[in-house]
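# Structural features, examined
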Amino acid sequence: MNKISVYVAAEFNIAEAARQAKLMASVLGFSSVQSYYIATAASELAANVFIHADGGMFEVSALTDRPGLELVVSDHGPGIADIEKALQDGYSTAGGLGCGLPGVQRLMDEMDIDSQPGQGTVVRARKWL
Amino acid sequence: MTTNSLAPIVTLLQQRAAISSEWMNEVLRVWMRMYPGLVNEDELRRQADALLKELAKLFSEHSGETPPDIGANSALGEIARELSADRAKKGFKPADTAQYVIALKNVLTQHLVSTLNETPASLTLCLRAVDGVLDRLSLLTFEAFVETRERVIAQQSLSLVELSTPVILLWNNVLLLPLIGVIDTVRARQLTERLLESITKYEASVTLIDVTGVPVFDTSVAWHIMKTIDAAQLLGSRIVMTGISPEGAQTLTKLGISFANVISRATLRAGLAEALQLVGRRIESTGGVHK
Ligand SMILES: Nc1ncnc2c1ncn2[C@@H]1O[C@H](COP(=O)(O)OP(=O)(O)O)[C@@H](O)[C@H]1O
Ligand SMILES: [Mg+2]
């Protein structure tokens, strides 16, 4: 299967998302460190959807044109008001560590955020093989 | 029509002993084989009797064309719920539990077909009513079954959480907290509470936190562990963290996370040596068979 979705509605779905991402990563041939990075990034993105947006969809898929893996989370939460700030280490509106989004950016090769205040957020993060 | 068009069903249900015995034979044939030791035959017959009595009442009080309905709070609903909650607790399969109502439906249908084969209109009406009522009963039974199962599972996972967060006294004043599995909010709270209690109880001056069994070390796990460490240090215990894998260490670096005031060792073994040193002890060779 080259795409797996997990609807993140409860806290235990975060671990499920991370598990699926790790599985897909190792099946695609990522090294164990890279798979660990991907699993952690998945965990961060899914956790954000759960904590900041009250739930949303998590997807991990295999990329074929250029071999790699993509994580996508999408939600209909409050959106991110200031994306630049959200990408700074230590910035959190929820009393968290604030290292999640900047961390994902470093753990993966590419990340883009599409967010409209009041509409929701879509975050895509890719890693190439 | 002022007479009850479902009178044949009532008549049938009044031959309670016969119906019950046929029905129970059918049910027991399967259950005795699948769940020997879990089936109390006397109780089962008593329950069947009570259920048939209520069914007869339902059909006799009924008049009109639409089939009677069973409220969730009616006596019948109550019996159904009790029955299947009991099955769920004993670990019956859902299909075998459903079989209970289906078997009754079969028995009633057969009897109705043989007594009313001369009057097809009445037969149709009665069959439809039996179908409707017993289908509803099936649903109620099933709902109660699932509800009970969910409660059982929730309880099991709670006790699993407790089981999976032991705090071990390794040596005088040295505690070990082995973290295994996903650290979510509930578990984090629970293990912090337990650790703090134990630190006080054993006057622990060193606590080993072993994270070998944590599958993904993300910022939320790190955050939970930091809070635990802060509280432990407030109670005067030093922290030695062990078991961060090479992958985990590199990931934490990428996330920009470091644990302040914490001694970290790659393995539990190295951590234990460190901890003993902190309390002024060490493990020495006594010249035994192993070098
Ligand atoms: N899916 C999302 N919906 C709304 N806001 C979000 C979402 N993801 C991240 N944010 C915002 O970005 C901030 C930074 O996120 P992150 O770096 O993961 O830190 P943390 O989750 O610890 O707060 C969050 O505090 C929150 O305000
Ligand atoms: Mg986050």
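Remember, predicted model here, so these are calculated numbers, not experimental data.

Scanning chain A for helices and strands turns up four helices and five strands. From first element to last, N terminus to C terminus, chain A shows the α and β order β-α-α-β-β-α-α-β-β. Considered along the principal axes of its C-alpha atoms, chain A spans approximately 35 × 25 × 25 Å. For chain A, the residues scored as buried account for 50% of the 129 residues in total. Relative to all contacts within chain A whose residues are 6 or more apart in sequence, the contacts with residues 24 or more apart total 59%. Within the structure as shown, chain A displays about 6100 Å² of accessible surface, and the carbon and sulfur contribution to it stands at 51%. One way to put it: in chain A the 9 positive side-chain charges average out to a point 6 Å from where the 15 negative ones average out.

A separate point is the side chain of H111 of chain B. If you trace the backbone, H111 of chain B turns up in helix α5 (residues 94-115). Residue contacts for H111 of chain B: discarding those within four places in its chain leaves L12, I19 and E22 of chain B.

In any sheet, the strands associate via hydrogen bonds between backbone groups, in a parallel or an antiparallel arrangement. Residues and elements named next belong to chain A. One open sheet holds the five strands; their spatial order is β1-β2-β3-β5-β4, and the pairing between them is antiparallel. A strand with exactly one partner marks an edge of an open sheet, and here the two such strands are β1 (3-8) and β4 (110-116). Taking the axes of each pair of neighbouring strands and ignoring which way they run, one obtains an average angle of 10° across the sheet. Relative to strand β2 (residues 56-63), β1 runs antiparallel, the two being bridged by six bridges. Counterpart to V6 in the pairing with β2 is F58.

A few words on the interface of chain A and chain B. Counting from both sides, the interface comprises 21 residues of chain A and, opposite them, 22 residues of chain B. Buried surface at the junction of chain A and chain B, both sides included, amounts to about 1700 Å², of which 60% is carbon and sulfur. Looking at the side of chain A facing chain B, the largest losses of area belong to E11, Y36 and L97 of chain A, adding up to 34% of the total buried there. Applying the counting rule to chain A against chain B returns zero salt bridges. Summed over the shared surface of chain A and chain B, the result is seven residue pairs in polar contact (both at pLDDT 80 or more). Elements with a contribution of two residues or more to the side of chain A that touches chain B: α1 (12-28), α2 (32-53) and α4 (100-107) of chain A. Examining the composition of the side of chain A that touches chain B, we find that eight residues originate from one element, α2 of chain A, more than from any other. Of the residues contributing to the side of chain A that touches chain B, the split by class is nine nonpolar, seven polar and five charged.

Before going further, it helps to examine the site of ligand 1. Residue and element names in this part refer to chain A. Every one of the 17 residues lining ligand 1 counts as a neighbour, but N48, H52, S92, T93 and L101 are closest to it. Here H52 contributes a side-chain N or O atom positioned 2.8 Å from an oxygen atom of ligand 1. Summarising the interface, the protein chains cover 93% of the accessible area of ligand 1, which totals 530 Å² for the free molecule. Among the secondary structure elements, those contributing two or more residues to the shell around ligand 1 are α2 and α4. With three residues, the single largest contributor to the shell around ligand 1 is α4. Looking at side-chain class alone, the shell around ligand 1 contains seven nonpolar, nine polar and one charged residues.

Right, let's get into the pairing of β4 of chain A. Residue and element names in this part refer to chain A. Side-chain alternation along β4 places M111, I113 and S115 on a buried face and E110, D112, D114 and Q116 on a face that remains uncovered. The sheet contact formed by β4 and strand β5 (residues 120-128) spans seven bridges and is antiparallel. For S115, the partnering residue across the bridge sits in β5 and is T121. Two successive antiparallel strands, β4 and β5, enclose a turn made up of three residues, where G118 displays a positive phi of approximately 85°.

Once that is clear, we can look at a nonpolar patch on the surface. All names here are of chain B. On the surface, I168, L170 and W171 cluster together into a nonpolar patch covering about 250 Å² of accessible area. Among the secondary structure elements, I168 is positioned in strand β1 (residues 168-171). Residue classification places I168 among the partly exposed positions, given a relative accessible area of 34%.

Let us look at unusual backbone geometry. With phi around 65°, D54 of chain A is a residue other than glycine that occupies positive phi space. Mapped onto the elements, D54 of chain A comes out in the loop between α2 and β2. Under the relative-accessibility criterion, D54 of chain A is labelled exposed at 71%. Phi at N261 of chain B takes a positive value of approximately 55°, unusual for a residue other than glycine. Here N261 of chain B is to be found in the loop between α9 (246-255) and β5 (263-265).

Turning next to the domain arrangement of chain B. Structurally, chain B comprises domain 1 (7-160) and domain 2 (168-290). Here the C-alpha centroids of domain 1 of chain B and domain 2 of chain B sit 56 Å apart.

Here we come to the pattern of salt bridges. Applying the stated criterion across every chain yields a total of 19 salt bridges over all chains. Close ionic contact of E59 of chain A with K3 of chain A constitutes a salt bridge, the shortest N to O distance being 3.7 Å. Placement of E59 of chain A in strand β2 and of K3 of chain A in strand β1 is noted, with a sequence separation of 56 residues between them. The class of K3 of chain A is partly exposed, set by a relative accessible area of 43%. Measuring nitrogen to oxygen at the nearest pair gives 3.0 Å for the salt bridge that ties R29 of chain B to E26 of chain B. Note that R29 of chain B and E26 of chain B are positioned in helix α2 (residues 16-34) at a spacing of three residues, about one turn of the helix. For E26 of chain B, a relative accessible area of 30% translates into the label partly exposed.

Reading the values: the criteria
- Residues numbered from 1 in each chain as written.
- Chains lettered and ligands numbered in written order.
- Predicted model: local features only at pLDDT ≥ 70, side-chain atom pairs only at ≥ 80, totals over all residues.
- Heavy atoms only, no water.
- Helix = DSSP H or I, 4+ residues; strand = E, 2+ residues; numbered from the N terminus.
- Buried < 20%, exposed > 50% of the residue type's maximum accessible area, 1.4 Å probe, protein only.
- Contact = heavy atoms within 4.5 Å.
- Areas by Shrake-Rupley, 256 points an atom, 1.4 Å probe, with all protein chains shown as cover.
- Lys, Arg positive; Asp, Glu negative; His and termini not counted.
- Charge placed at Lys NZ, Arg CZ, Asp CG, Glu CD.
- Pairing = 2+ DSSP bridges.
- Axes fitted to C-alpha atoms, helices over the stretch in contact; angles between N-to-C directions.
- Buried area = accessible area lost by both parts, 1.4 Å probe.
- Salt bridge = Lys/Arg side-chain N within 4 Å of Asp/Glu carboxyl O.
- Polar contact = N/O pair within 3.5 Å; in protein donor to acceptor, adjacent residues only side chain to side chain.
- Nonpolar A, V, L, I, M, F, W, Y, C, P; charged D, E, K, R; others polar.
- Near = heavy atom within 4 Å.
- Patch = residues over 30% accessible without salt bridge, like charges linked within 9 Å, V, L, I, M, F, W, Y side chains within 5 Å.
- Domains from an automatic or database assignment.

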